[in-house]
Amino acid sequence: MWIYEKKLQYPVRVSKCDPMMARYLIEQYGGADGELAAALRYLNQRYTLPEKVIAIVNDIGTEELAHLEMIATMIYKLTKDATPDQLIEAGLGAHYANHDKALFFHNAAGAPFTATYFQAKGDPIADLYEDVAAEEKARATYQWLINMTDDVDLIDSLTFLREREIVHSQRFREAAEMLKADQQTKKIF
Amino acid sequence: MTHASSWTDEQKHKYYELMQEIQETDFVLVELNLYLDTHPDDQSAIAQYNQFVQKSMTLKHHFQSMFGPLYHFGNSYSPSPFAWKEAPWPWQV
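Residues numbered from 1 in each chain as written. Chains lettered and ligands numbered in written order. Predicted model: local features only at pLDDT ≥ 70, side-chain atom pairs only at ≥ 80, totals over all residues. Heavy atoms only, no water.

- For chain B, the name recorded in an unreviewed UniProt entry is Spore coat protein CotJB, with Paenibacillus sambharensis as its organism.

- Under an unreviewed UniProt entry, chain A has the name Spore coat protein CotJC and belongs to Paenibacillus sambharensis.

Quick notes on the overall build of chain A
(1) Moving on: Along the backbone of chain A there are 8 helices and 0 strands.
(2) Moving on: Here chain A, with 189 residues, has 47% of them falling under the buried criterion.
(3) Moving on: Considering only intrachain contacts with a sequence separation of at least 6, the fraction spanning at least 24 residues in chain A is 79%.
(4) Moving on: By element, 57% of the accessible surface of chain A is carried by carbon and sulfur atoms, the whole surface being about 9000 Å².
(5) Moving on: In chain A, 21 side chains carry a positive charge and 29 a negative one; their mean positions are 3 Å apart. (Helix = DSSP H or I, 4+ residues; strand = E, 2+ residues; numbered from the N terminus. Buried < 20%, exposed > 50% of the residue type's maximum accessible area, 1.4 Å probe, protein only. Contact = heavy atoms within 4.5 Å. Areas by Shrake-Rupley, 256 points an atom, 1.4 Å probe, with all protein chains shown as cover. Lys, Arg positive; Asp, Glu negative; His and termini not counted. Charge placed at Lys NZ, Arg CZ, Asp CG, Glu CD.)

Some points on unusual backbone geometry
(1) Moving on: For the peptide bond that leads from S80(B) to P81(B), omega is 0°, which places it in the cis range.
(2) Moving on: By secondary structure assignment, the location of P81(B) is in the segment after helix 2 (43-67).
(3) Moving on: The phi dihedral of D100(A) is positive, around 55°, even though this residue is not glycine.
(4) Moving on: Relative to the helices and strands, D100(A) resides in the loop between helix 6 (93-99) and helix 7 (124-147).
(5) Moving on: Despite not being glycine, F73(B) has its phi angle at roughly 55°, a positive value.

Observations regarding the UniProt feature "binding site: Mn(2+)" (unreviewed entry) in chain A
(1) Moving on: UniProt feature "binding site: Mn(2+)" (unreviewed entry): in the numbering of this structure it lies at E35(A), E64(A), H67(A), E135(A) and H168(A). Taking the farthest pair of C-alpha atoms as the criterion, the annotated set spanning 134 residues converges on one region, since that pair is 12.7 Å apart.
(2) Moving on: If you trace the backbone, E135(A) turns up in helix 7.
(3) Moving on: When residues no more than four places from it in sequence are discounted, the contact partners of E135(A) are Y42(A), I60(A), E64(A), R164(A), E165(A), H168(A), S169(A) and F172(A).
(4) Moving on: A distance of 2.6 Å separates polar atoms of two side chains, one belonging to E135(A) and the other to Y42(A).
(5) Moving on: Those residues within four positions of H168(A) in sequence are excluded, and the remaining contacts are I60(A), E63(A), E64(A), H67(A), E135(A) and L34(B). (UniProt positions renumbered as here; feature names shortened; annotations may be inferred. Polar contact = N/O pair within 3.5 Å; in protein donor to acceptor, adjacent residues only side chain to side chain.)

So, the UniProt feature "binding site: Ca(2+)" (unreviewed entry) in chain A
(1) Moving on: The positions UniProt marks with the feature "binding site: Ca(2+)" (unreviewed entry) are D59(A).
(2) Moving on: Looking at the element boundaries, D59(A) is found in helix 4 (residues 51-79).
(3) Moving on: Once residues lying within four places of it in the same chain are set aside, the contact partners of D59(A) are N33(B), L34(B) and D37(B).

Let's talk about the packing of aromatic side chains
(1) Moving on: The final tally for this structure, using the stated rule, is 15 aromatic pairs over all chains.
(2) Moving on: Between the aromatic rings of Y15(B) and Y16(B), the centroid separation amounts to 5.6 Å while the plane-to-plane angle is 90°, which identifies the pairing as edge-to-face.
(3) Moving on: The exposure class of Y16(B) is partly exposed, given its relative accessible area of 37%.
(4) Moving on: Here the aromatic rings of W84(B) and W89(B) are separated by 5.6 Å at their centres, their planes lie at 85°, and the arrangement is edge-to-face.
(5) Moving on: A residue is classified by how much of its surface remains accessible, and W84(B), at 13% relative accessible area, is buried.
(6) Moving on: Residue W89(B) is classed as partly exposed on the basis of its relative accessible area of 24%.
(7) Moving on: Taken together through their ring pairs, the aromatic side chains of W7(B), Y15(B), Y16(B), F63(B) and F67(B) make up a single cluster.
(8) Moving on: In this arrangement the basic side chain of K6(A) is found over the ring face of W89(B), its NZ or CZ atom lying 4.2 Å from the centre. (Phe/Tyr/Trp six-rings, centres within 6.5 Å; stacked < 30°, edge-to-face > 60°. Lys NZ or Arg CZ within 6 Å of the ring centre and 35° of its normal.)

Observations regarding the interface of chain B and chain A
(1) Moving on: Facing 30 residues of chain B, the contacting portion of chain A comprises 29 residues.
(2) Moving on: Of the roughly 2400 Å² buried between chain B and chain A on both sides combined, carbon and sulfur atoms contribute 61%.
(3) Moving on: Where chain B touches chain A, the interface holds 3 salt bridges.
(4) Moving on: We note a salt bridge from R164(A) to E31(B), for which the minimum N-O separation is 2.9 Å.
(5) Moving on: In this assembly, chain B and chain A are joined by 10 residue pairs in polar contact (both at pLDDT 80 or more).
(6) Moving on: In terms of residue count, helix 1 (residues 9-38) of chain B provides more of the side of chain B that touches chain A than any other element does, 13 residues in total. (Buried area = accessible area lost by both parts, 1.4 Å probe. Salt bridge = Lys/Arg side-chain N within 4 Å of Asp/Glu carboxyl O.)

Regarding the environment of Y15(B)
Residue and element names in this part refer to chain B.
(1) Moving on: On the secondary structure map, Y15 appears in helix 1.
(2) Moving on: In this structure the C-alpha to C-alpha distance between Y15 and V93, which are 78 residues apart in sequence, comes to 9.6 Å.
(3) Moving on: Ignoring anything within four residues of it in the chain, the contact list for Y15 reads W7, F63, F67, P88 and V93.

Now the structure itself:
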């Protein structure tokens, strides 16, 4: 069960209509290292992970849903006042033809979202190391996105998201170390 | 409580001010929660967590008395008429 909170985790403001930037930000909406893939990956892993690390995976998975909403808000705000001509000019003509201004889960190049973006191995170390890698890839993507805009309001929100990836990576590393320590303790007996 | 479209400038200002306070407080709670998931015996972090739970509840009570429910499914009281659908959605503000 989840309870919706009528607030964003962190404010999202944009200082101009910029459909070109929205087109790139879609990478973090429906791309391989995006927030949807992150949330689904972690929430799906919870069921078969050891008791000790379920909470951290559950809670980070939940926070990713809040990040997904922040990305959606950025894309919505950057495109809501754009004309069809502006969307075509920004390379979103094909998106407009299919979806109008509705958000769709695809990456910046237009490839639709797929469950094959993430794994569920059933091996706790393999799963947690995938989670660490996922956070580092998302951190890098946020940096590339920050490099592509001069909108200071947007950069502020993207910087927050980049920093969250660093914290999540750290927590997943700790979870993996906790399990490795347990395995070593058991070998002594 | 009035519909968002008829807020005065003063109400808008208050909305953003209180919302930011809630976001700041809840950020501390998310961060401490994740930390405590892997450091469950850190007493000072637990004390700080509980202190911010209290602060968050107080701030939200005040916010909701002015701008309507932040939560659905029974986690906020509702004025009449049912106000959940009236308060602005996060991507609209």
